[in-house]
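Each chain is listed here by its residues.
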Amino acid sequence: MVKVAIFDYGAGNIFSLKSSLEKNEAEVDIITDLKKIKNYSGLLLPGVGNFDPAIKSLDTSKIAFHDLVKNQVPVLGICLGMEMFFERSEEGKLGGLGILDGEVILLPNKFKIPHMGWNDLQIKQSSVLLEGVKEGSWVYFVHSYRVKPKNDGIIKADSDYGISVPAVIENQTLFGTQFHPEKSGKVGSIMIKNFLRVCKK
Amino acid sequence: MTLTKRVIPCLDVDNGRVVKGMHFKSIKDAGDPVLLAEKYSQEGADELVFLDITASEQQRETIKSLVQKVAQVIDIPFTVGGGVKTLQDARDILLSGADKVAINTGAVKNPEIITKLMGIFGKQCVVIAMDVRRNYELKEDRHIFTSDSKKFWFEVYIYGGKTPTNLDAIEWAKEVERRGAGEILLTSIDMDGTKEGYDIQLIKEIVNAVNIPVVASGGCGKPKHMLDVFLQTNVDAALAASIFHYKTHSVDRVKEYLKENGVPVRL
């Protein structure tokens, strides 16, 4: 059984993500720092909360986080969790984890914000996370910001909300989704499984 | 393709059972919330809403354990509301496994709670539930509308639709958006329980007043009503209770009907 950890910023529902991982046969611990991260085969940064308080809760773990990524321990960032991979976000004043070059910007206000609901995926490149996921699959989004990576080659799928919203990013063992796989029914469960498969290796 | 319209079954929960009120008054028993949640989720519901209509102090623990049970069985988002007054109430519900928390009376009494919640949990978690009724006693500084040549304004009600607040619904919608709400759950008290259709006029006005998603609620008696609200307004989601509870219409069949008639839905 693969053992993974969810980092808890103390700001929202991580219960659904935990249930989803457990349904896919992972053993899950909730952690609030990365001191014992060596005990786990993968890390999840959940998608709930607000940028500054969340990044603050990771403050003492920044170095450990960079080591983790360097050592190719799989990390899945969901929504805010993915946004924190980048250098900065328009949601907050504090810097991000800076593991990926680029920034996080507010959706244009000619659209309703947040972008909330089911939207379809346009797959741009093959990806480990999207293995077995069909073009046009519906996934659940709820976000006000979008990521803008410097290297857009890491964008594996996007979604159309009047503008193109990067939906899945992947860079070696670093994975991110703007939508919530744990809330996206069966399709989401496929992606959770794919992530856990990477963790097993 | 683009963002789809959401179909949301609502479960009014009293003492751990699903019930449905008529004009917020008479109540019929409709079933086990966890079983219904699982069934709706499998049928293709886009989201679920649970409203704890008892919401007394003793109900706190009941609702927390219900939220936990529901979160274990479904893999779509769900909102929980009813009696949420303090940050701690909201926190309890979100940390038990709900994705969003709906606040009505608590936000009218203490609007700062919206900004506080948004600051901690993010605006996507904060749903403002608005129960609205037409008031035909005209007052100054109200948005006045006309229907069947009668003039009225839209007034916000609290305490489960029992108490008028003198608040203009259009202004209140704008204020909750400004304070950081992520969504409005808009119920027409006039139409709720009538099964005669949504209050199209109310929904149109609120949708036009704000730039956050709005969920229409109150009055849905048949799939045609859902089609009407999606075709005649720019609302994001439609909520219904009784048409789904009593097996009159399954969620997937309603969504197929919407799709056949040109509404983008997830199937």
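What you see as residue numbers is a count from 1 along each chain, following the sequence as written. For naming, the first written chain is A and the first written ligand is 1, with later ones following in the order written. In view of the model being predicted, local features appear only for residues whose pLDDT reaches at least 70, and side-chain atom pairs are presented and counted only at 80 or more, with totals across whole chains, interfaces and linings using the full set of residues. Water and hydrogen atoms were dropped before computing side-chain values, which therefore reflect all heavy atoms in the structure.

Moving on to the overall build of chain A. A run of DSSP states H or I qualifies as a helix once it reaches four residues; a run of E qualifies as a strand once it reaches two. Both are numbered from the N-terminal end. If you tally the helices and strands in chain A, you get five helices and 13 strands. Only C-alpha atoms enter the radius of gyration, while the globule expectation follows 2.2 Å times N to the 0.38, with N the number of residues. In terms of overall size, chain A behaves like a compact globule, its C-alpha atoms giving a radius of gyration of 15 Å where 201 residues would be expected to give roughly 17 Å. C-alpha atoms of chain A, sized along the principal axes, occupy 45 × 40 × 30 Å. For chain A, the proportion of its 201 residues judged to be buried stands at 63%. Working definition: with a 1.4 Å probe on protein chains only, accessible area under 20% of the residue-type maximum means buried, over 50% means exposed, and in between means partly exposed.

By the element assignment, serine 144 of chain A lies in the loop between strand E9 (138-143) and strand E10 (145-149). Serine 144 of chain A gets classed as buried once you look at its relative accessible area, which sits at 11%. Distance in space between the C-alpha atoms of serine 144 of chain A and leucine 76 of chain A is 20 Å, their sequence separation being 68 residues. Here serine 144 of chain A is in contact with Ile105, Leu106, Leu107, Ile113 and Pro114 of chain A together with Lys123 of chain B, once residues within four sequence places are set aside. Contacts between residues were defined by any pair of non-hydrogen atoms, one from each residue, lying within 4.5 Å.

Before going further, it helps to spend a moment on unusual backbone geometry. With an omega of 0°, the peptide bond running from isoleucine 113 of chain A to proline 114 of chain A counts as cis. Positive phi, normally seen in glycine, also occurs at aspartate 148 of chain B, with a value near 50°. Here the phi dihedral of serine 149 of chain B falls at roughly 55°; this positive angle occurs in a residue that is not glycine. Structurally, the position occupied by serine 149 of chain B is in the loop between strand E8 (145-147) and strand E9 (150-158).

UniProt positions are given in the numbering used here, feature names are shortened, and annotations may be inferred rather than shown by experiment. When the UniProt feature table is mapped onto this chain, "active site" (unreviewed entry) is found at Cys79, His180 and Glu182 of chain A. These annotated residues cover 104 residues of sequence, and their C-alpha atoms lie no more than 11.3 Å from one another, placing them together at a single site. Residues that both appear in the annotated list above and line the largest cavity are His180 and Glu182 of chain A. Sequence-distant contacts of histidine 180 of chain A, that is, excluding residues within four places in its chain, are made with Gly47, Ile78, Cys79, Tyr140 and Val142 of chain A. Following the sequence through the fold, glutamate 182 of chain A ends up in the loop between strand E13 (174-177) and helix H5 (185-200). On the accessibility criterion, glutamate 182 of chain A (8% relative accessible area) is buried. Other than its neighbours up to four places away in sequence, glutamate 182 of chain A contacts Ser16, Leu17, Ser20 and Ile78 of chain A together with Asp75 of chain B. Any pair of N or O atoms that falls within 3.5 Å is considered a polar contact. Within protein, one atom must be able to donate a hydrogen and the other to accept it, and sequence-neighbouring residues count only if both atoms are side-chain atoms. A distance of 3.0 Å separates a polar atom in the side chain of glutamate 182 of chain A from a polar atom in the side chain of histidine 180 of chain A. A cavity, in this analysis, means grid points on a 1 Å lattice covering only the protein atoms where a 1.4 Å probe fits yet has no way out; a pocket is instead an open set bounded by protein on both sides within 12 Å along at least five of seven lines, and a residue lines either one if it has an atom within 4 Å of a point.

This part is about empty space enclosed by the protein. Rolled over the atoms, a probe sized like a water molecule indicates the empty space that remains. Grid points are joined across faces, edges and corners, and a volume is the space filled by probe spheres set on the points. Taken as a whole, this structure holds three cavities of 30 Å³ or more when the rule is applied. In this model, the largest cavity occupies a volume close to 120 Å³. For this classification, the nonpolar set comprises Ala, Val, Leu, Ile, Met, Phe, Trp, Tyr, Cys and Pro, the charged set comprises Asp, Glu, Lys and Arg, and every other residue, Gly included, is treated as polar. Classifying every residue of the lining of the largest cavity by side-chain character gives five nonpolar, five polar and four charged.

Because an α-helix completes one turn every 3.6 residues, residues spaced three or four positions apart along the sequence face the same direction. All names here are of chain B. Buried within helix H1 (residues 33-43) are the following residues: Pro33, Val34, Leu36, Ala37, Tyr40, Ser41 and Glu43. A distance of 2.9 Å separates the backbone nitrogen of valine 34 from a side-chain oxygen at the start of H1, and that oxygen is part of aspartate 32. Glycine 44 occupies a position one or two residues after H1 and carries a positive phi of about 105°.

For the second largest pocket, the calculated volume is near 460 Å³. As for the second largest pocket, its lining consists of 20 residues, of which Lys186 of chain A together with Ser41, Gln42, Gly44 and Arg266 of chain B are closest to the centre. When residues of the lining of the second largest pocket are traced back to their parent elements, those giving at least two are H5 of chain A together with H1 and helix H10 (251-260) of chain B. A per-element tally of the lining of the second largest pocket places H1 of chain B first, with four residues. The residue makeup of the lining of the second largest pocket, split by class, is seven nonpolar, five polar and eight charged.

Next up on the list: the UniProt feature "domain: Glutamine amidotransferase" (unreviewed entry) in chain A. The UniProt feature table records "domain: Glutamine amidotransferase" (unreviewed entry) at residues 6-196 of chain A. Secondary structure across residues 6-196 of chain A divides into 21% helix and 31% strand, with the first and last C-alpha atoms of the span separated by 13 Å.

Residues and elements named next belong to chain B. Orientation is described by axes fitted as lines to C-alpha atoms, over the contacting stretch for helices, and by angles from 0 to 180 degrees between their N-to-C directions. The interhelical angle for the contact between helix H8 (residues 223-232) and H10, taken along N-to-C directions, is 45°, at an axis separation of 10 Å. The orientation of H8 relative to H10 falls into the category oblique. As for the relative orientation of H8 and H10, their crossing is right-handed in sense. When H8 is examined against H10, the residues Pro223, Lys224, Met226, Leu227 and Phe230 are found in contact with a partner set consisting of Val254, Tyr257 and Leu258. For the contact of H8 with H10, a count of residues per class yields seven nonpolar, no polar and one charged. Throughout, the term roughly parallel applies to angles under 35 degrees, roughly antiparallel to angles over 145, roughly perpendicular to angles from 65 to 115, and oblique to all others. Here is the rule for handedness: rotate from the far helix to the near one, and if that takes an anticlockwise turn smaller than a right angle the crossing is left-handed, while a clockwise turn gives right-handed.

Now for the environment of glycine 77 of chain A. Residue and element names in this part refer to chain A. By the element assignment, glycine 77 lies in strand E4 (residues 75-78). By relative accessible area, glycine 77 is classed as buried at 0%. For the pair glycine 77 and glycine 47, spaced 30 residues apart in sequence, the C-alpha to C-alpha distance is 7.3 Å. Sequence-distant contacts of glycine 77, defined by excluding residues within four places in its chain, comprise Leu45, Met82, Phe85, Phe175, Gly176 and Thr177.

Of the residues lining the interface, 42 residues belong to chain B; the matching set on chain A comes to 34 residues. Carbon and sulfur atoms supply 53% of the area buried between chain B and chain A, which totals about 3,000 Å² over both sides. Salt bridge, as applied in this entry: a Lys or Arg side-chain nitrogen positioned within 4 Å of an Asp or Glu carboxyl oxygen. Linking chain B with chain A are two salt bridges, by the criterion used here. Two residues, lysine 183 of chain A and aspartate 99 of chain B, come together in a salt bridge whose shortest N-O distance is 2.8 Å. For the interface between chain B and chain A, the tally reads 16 residue pairs in polar contact (both at pLDDT 80 or more). Elements supplying a minimum of two residues to the side of chain B that touches chain A: helix H2 (59-73), helix H3 (87-95) and helix H5 (112-121) of chain B. Partitioning the side of chain B that touches chain A into residue classes produces 19 nonpolar, twelve polar and eleven charged. Accessible area that two parts lose when put together, with a 1.4 Å probe and added across both, is what the buried area reports.

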